[in-house]
Amino acid sequence: MEAPKRYFVETWGCQMNDHDSEKLAGHLERRGYRTCAAAEEADVILLNTCSVRGKAAEKFYSDLGRLKLLKRRRPDLLLVVCGCVAQHDRERVLERAPYVDVVLGTRGTNHLPELLDRRIEEQTPQVDMRRYADALYYDPRYIRRGSKVKAYITAMEGCSKVCTFCIVPVTRGAEVSRPFEDVLAEARLLAERGYKEVQILGQNVSSYSSGGRDFADLLEAVARVKGLERVRFVTSYPSEFTERTMDVMAAYDTIAKALHFPVQAGSNRVLRRMKRFYTREEYLEKAALLRKKMPRIALSTDVIVGFPGETEEDFQETMSLVREAGFEWMYSFKYSPRRGTPAARYEDTVPEAAKRDRLERLQAMHRPMQERALRACEGRTEEVLVEDSSKRGGGALTGRTEANYVVNFPGDAALVGRLVPVRIERANPNSLWGEVVSNSASRSLLGGARPHGQAGL
């Protein structure tokens, strides 16, 4: 009997790319393929790419170059390039790497099997950049999930904003929302299969709209699904994040009190040039309202330094906004131009040395803020959703608090998939260390979502 063919997936970028890789893997497994641990063992290699950050795209092309020798040794090996670089660079991928077999766009996930078949039949590389209407219509039963505890759910694709630095509208297309009932049905299916956490995905999830229902309606409906312990979501656009969504977050225990809230810059002049449709004052007002409604909420953000035309005064305004908002986590980057974006045509670029200096100063200023947030957890008993064995080894487990802090602690593997109370003993630079304080039943045994102070609905 012939051994099943094997596939290997390498993914760069955001949660959307991670979830696309899960869908692509599911399509291959329905064809009888089995996953393997290394590219050298595979019959099909999927490279799911990101072009939002320059380093991710550079890393992809570097890895693709190394695969040339493997392809030369094994001509029957099929190399598939998909994701944002594929959509953005299109035929350029084949120009740089003519040994690639399939180049697949971001909304062609459901069509991978037919492209592989066509490549084998026609013996010519296949390039398909069509934005298929069925991208949001898929059978969630056949997704190869990367975890047995938490799962992604696609709510929408694309972005209709016009941020001058961002390539997402080019690579992912305009916003399209998935039907409300389809999202809810997937949440119920996941709960039935024992998943404890779901994360609702969208490039601009705040703009979700289906059948007259908005994101607050969707978030509340998913939070009420019995069996789910935690609901998270990314990514929210500040000016579209409504007070009603805040109220839904505050009302349901199952909705994690953690929010990624990208600001990008603290200067109104830079924000206007970025075409971010809010001011620093409006952003800070919403951040303050979030903390008022949910005092223990953890806020994370994205910040770009060295955007074209940014002065030292503009940068200082970014520094002051970060201090005032008090972000628990911050993802900061030097601006790098993306071909095809308006900002790539700006001529008043900031010197590389100045960008590097500003990034170092921003990170040095924020680092103690992050450390204080972690140290504030010491002595507390936090509810931790146990996800897996810790990379630390030694019998330790790992999980996350509601605020999305990573916690490592000693414990039995039988705790994986459960919410357990963990007393935080020590804060490390990027994570926490603790001890399970009780084996008694936690909220996971109560079942279902519930507003504060009420039993399961």
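Here, the structure is the one placed above.
Attention here is on the structure that accompanies the text. (Residues numbered from 1 in each chain as written. Predicted model: local features only at pLDDT ≥ 70, side-chain atom pairs only at ≥ 80, totals over all residues. Heavy atoms only, no water.)

1. Things to note about the sheet that holds strand S2 (residues 34–35)
The strand order S2-S1-S3-S4-S5-S6 describes an open sheet built from six strands, whose pairing is parallel. What marks the edges here is a single partner per strand, and that holds for S2 and strand S6 (126–128). Strand direction decides the pairing type here: strand S1 (residues 6–11) and S2, joined by two bridges, are parallel. Looking at S2, one finds that Tyr7 is bridged to Thr35. (Pairing = 2+ DSSP bridges. Helix = DSSP H or I, 4+ residues; strand = E, 2+ residues; numbered from the N terminus.)

2. Describing the side chain of Asn204
Inspection of the secondary structure puts Asn204 in the loop between strand S10 (197–201) and strand S11 (209–210). Within polar-contact distance, the side chain of Asn204 engages the side chain of Glu240 at 3.1 Å. Setting aside anything within four residues of it in sequence, one finds Asn204 in contact with Met156, Gly158, Cys159, Lys161, Glu175, Thr235, Ser236, Tyr237 and Glu240. (Polar contact = N/O pair within 3.5 Å; in protein donor to acceptor, adjacent residues only side chain to side chain. Contact = heavy atoms within 4.5 Å.)

3. Focus: the sheet that holds strand S15 (residues 298–305)
Backbone hydrogen bonds hold the strands of a sheet together, and the pairing may be parallel or antiparallel. The strand order across the open sheet formed by three strands is S14-S15-S16, and the pairing between neighbours is parallel. Looking at which strands have only one partner, the edges of the open sheet turn out to be strand S14 (258–260) and strand S16 (329–334). Each strand of the sheet is rotated relative to its neighbour by a mean of 15°, with strand direction disregarded. Inspection of the sheet shows S15 paired to S16 by six bridges, in the parallel sense. Paired with Thr301 across the strands is Met330, a residue of S16. (Axes fitted to C-alpha atoms, helices over the stretch in contact; angles between N-to-C directions.)

4. Examining the nonpolar core
If you look at the biggest cluster of nonpolar residues, it comprises 68 residues, and the most contacted ones within it are Ile200 and Phe233. Top element by residues in this core is helix H8 (residues 215–223). It accounts for seven residues. Every residue in contact with Ile200, bar those within four places of it in the chain, is listed here: Ile153, Ala155, Val205, Phe215, Leu218, Leu219, Val222, Val231, Arg232, Phe233 and Val234. Counting residues in each nonpolar core, the second largest holds 27 residues, with Leu47, Tyr99, Val100 and Val103 among its members. (Core = buried A, V, L, I, M, F, W, Y, C linked by side-chain atoms within 4.5 Å. Buried < 20%, exposed > 50% of the residue type's maximum accessible area, 1.4 Å probe, protein only.)

5. So, the packing of aromatic side chains
By the definition in use, this model includes 13 aromatic pairs. With centroids separated by 5.9 Å and ring planes inclined at 75°, the aromatic side chains of Trp12 and Phe60 adopt a geometry described as edge-to-face. Highlighted residues: Trp12 in the loop between S1 and helix H1 (15–30) and Phe60 in helix H2 (residues 54–73), separated in sequence by 48 residues. Of the two residues, Trp12 and Phe60, both sit in the buried class. Members of the aromatic cluster, connected to one another through ring pairs, are Phe215, Phe233, Tyr237, Phe241, Phe261, Tyr278, Tyr283 and Phe327. Over the ring of Tyr61 we find Arg96; its NZ or CZ atom is 3.7 Å from the centre of that ring. (Phe/Tyr/Trp six-rings, centres within 6.5 Å; stacked < 30°, edge-to-face > 60°. Lys NZ or Arg CZ within 6 Å of the ring centre and 35° of its normal.)

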